[in-house]
Amino acid sequence: MPGVTVSVEGTSTSTATDFDGQYVIKANESGTLVFSFVGMTPERRSFTASTTINVRMSEDARVLNEVVVV
């Protein structure tokens, strides 16, 4: 899913995924990444140095009811 925001929890460090879901982010050797996208439930994943993280996001029905399409 392109455009997913990936941020390091507790910091202002963030980036977005590309069309293939790839991203690069500078962070400490361990912490928590937060993956978020409009209409989806945010996902949190702990990481350590050189960790590969695969995330499958799920729809957030509460948010989808609030989206207005013009």
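Residues numbered from 1 in each chain as written. Predicted model: local features only at pLDDT ≥ 70, side-chain atom pairs only at ≥ 80, totals over all residues. Heavy atoms only, no water.

### Considerations on the sheet that holds strand β2 (residues 14-16)
- A sheet is described by the order of its strands in space; here four strands give the open sequence β2-β1-β3-β4, paired in antiparallel fashion. Strand pairing shows two members of the sheet lacking a second neighbour, β2 and β4 (43-48), which therefore form its edges. Shown here is a sheet whose adjacent strand axes are inclined to one another by a mean of 25°, direction ignored. (Pairing = 2+ DSSP bridges. Helix = DSSP H or I, 4+ residues; strand = E, 2+ residues; numbered from the N terminus. Axes fitted to C-alpha atoms, helices over the stretch in contact; angles between N-to-C directions.)

### Side note on the pattern of salt bridges
- Inspection of the entire model under this criterion finds two salt bridges.
- Between Arg44 and Glu9 there is a salt bridge, with the nearest N and O atoms lying 2.8 Å from each other. Note that Arg44 is positioned in strand β4 and Glu9 in the loop between β1 (5-8) and β2, a separation of 35 residues in sequence.
- Overall, the relative accessible area of 42% leaves Glu9 in the partly exposed class. (Salt bridge = Lys/Arg side-chain N within 4 Å of Asp/Glu carboxyl O. Buried < 20%, exposed > 50% of the residue type's maximum accessible area, 1.4 Å probe, protein only.)

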